[in-house]
Amino acid sequence: MRLHEYILSNIYFIKALDKKFAPIEDVYRNLIYNYYVLEDTNKMLEYLNKLISTRQNPDPKDLSLAIYYYLINQKEIEALKWIKK
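Residues numbered from 1 in each chain as written. Predicted model: local features only at pLDDT ≥ 70, side-chain atom pairs only at ≥ 80, totals over all residues. Heavy atoms only, no water.

Draft legend 1. The arrangement of helix 4 (residues 60-72) in detail. With 13 residues, helix 4 extends 18 Å from end C-alpha to end C-alpha; this agrees with the ideal 18 Å at 1.5 Å per step. Here helix 4 has its buried residues at Asp62, Leu63, Ala66, Ile67, Tyr69 and Tyr70. Those residues of helix 4 that are buried are in contact with helix 2 (24-37), helix 3 (41-53) and helix 5 (76-84). Of the residues flanking the start of helix 4, the one acting as N-cap is Asp59, its side-chain oxygen 2.8 Å from the backbone nitrogen of Lys61. Where helix 4 terminates, the next one or two residues include Gln74, which has phi positive at roughly 55°. (Helix = DSSP H or I, 4+ residues; strand = E, 2+ residues; numbered from the N terminus. Expected span 1.5 Å × (residues − 1). Buried < 20%, exposed > 50% of the residue type's maximum accessible area, 1.4 Å probe, protein only. Contact = heavy atoms within 4.5 Å. Polar contact = N/O pair within 3.5 Å; in protein donor to acceptor, adjacent residues only side chain to side chain.)

Draft legend 2. Structural context of the pattern of salt bridges. Here the structure, examined in full by the defined rule, presents five salt bridges. One salt bridge connects Glu25 with Arg55, and the closest N-O pair in it is separated by 3.4 Å. Of this pair, Glu25 sits in helix 2 while Arg55 sits in the loop between helix 3 and helix 4; the two residues are 30 residues apart in sequence, bridging distant segments of the chain. Judged by relative accessible area, which is 42%, Arg55 ranks as partly exposed. The shortest N-O distance in the salt bridge between Arg29 and Asp26 comes to 3.6 Å. Separated by three residues within a single helix, Arg29 and Asp26 lie in helix 2, roughly one turn from each other. Residue Asp26 is classed as partly exposed on the basis of its relative accessible area of 36%. The network of salt bridges with common partners includes Asp26, Arg29 and Asp62. (Salt bridge = Lys/Arg side-chain N within 4 Å of Asp/Glu carboxyl O.)

Draft legend 3. Up close: the packing of aromatic side chains. Under the definition given, this model contains five aromatic pairs. Geometrically, the ring pair formed by Tyr28 and Tyr47 is tilted, given 6.0 Å between the ring centres and 40° between the ring planes. Of this pair, Tyr28 sits in helix 2 while Tyr47 sits in helix 3, and the two are 19 residues apart along the sequence. For Tyr28, a relative accessible area of 9% puts it in the buried group. Aromatic side chains Tyr35 and Tyr47 sit 5.8 Å apart centroid to centroid with 5° between the ring planes, which places their arrangement in the stacked category. Placement of the pair is Tyr35 in helix 2 and Tyr47 in helix 3, with a sequence separation of twelve residues. When its relative accessible area of 9% is taken as the criterion, Tyr35 is described as buried. Here a set of aromatic residues connected by ring pairs shows up, and it is made of Tyr28, Tyr35 and Tyr47. (Phe/Tyr/Trp six-rings, centres within 6.5 Å; stacked < 30°, edge-to-face > 60°.)

Encoded structure:
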């Protein structure tokens, strides 16, 4: 039952993105967390990438998190992209 709440929550967050909800970074962070709980690594990384791409100077914590998850998921090329940033 608890996983159902995360899935439903994701539906609302994705609708918030469609409606240009601000601050968009908060929506992305919630989606990232939900996909982490749901163990959907590909979706988690997708939204982590979108979070970092939304700003000219991304938050260093977001960058560190992205680098960490790309490395532990054997996606070194993507990790290097964000390390250079």
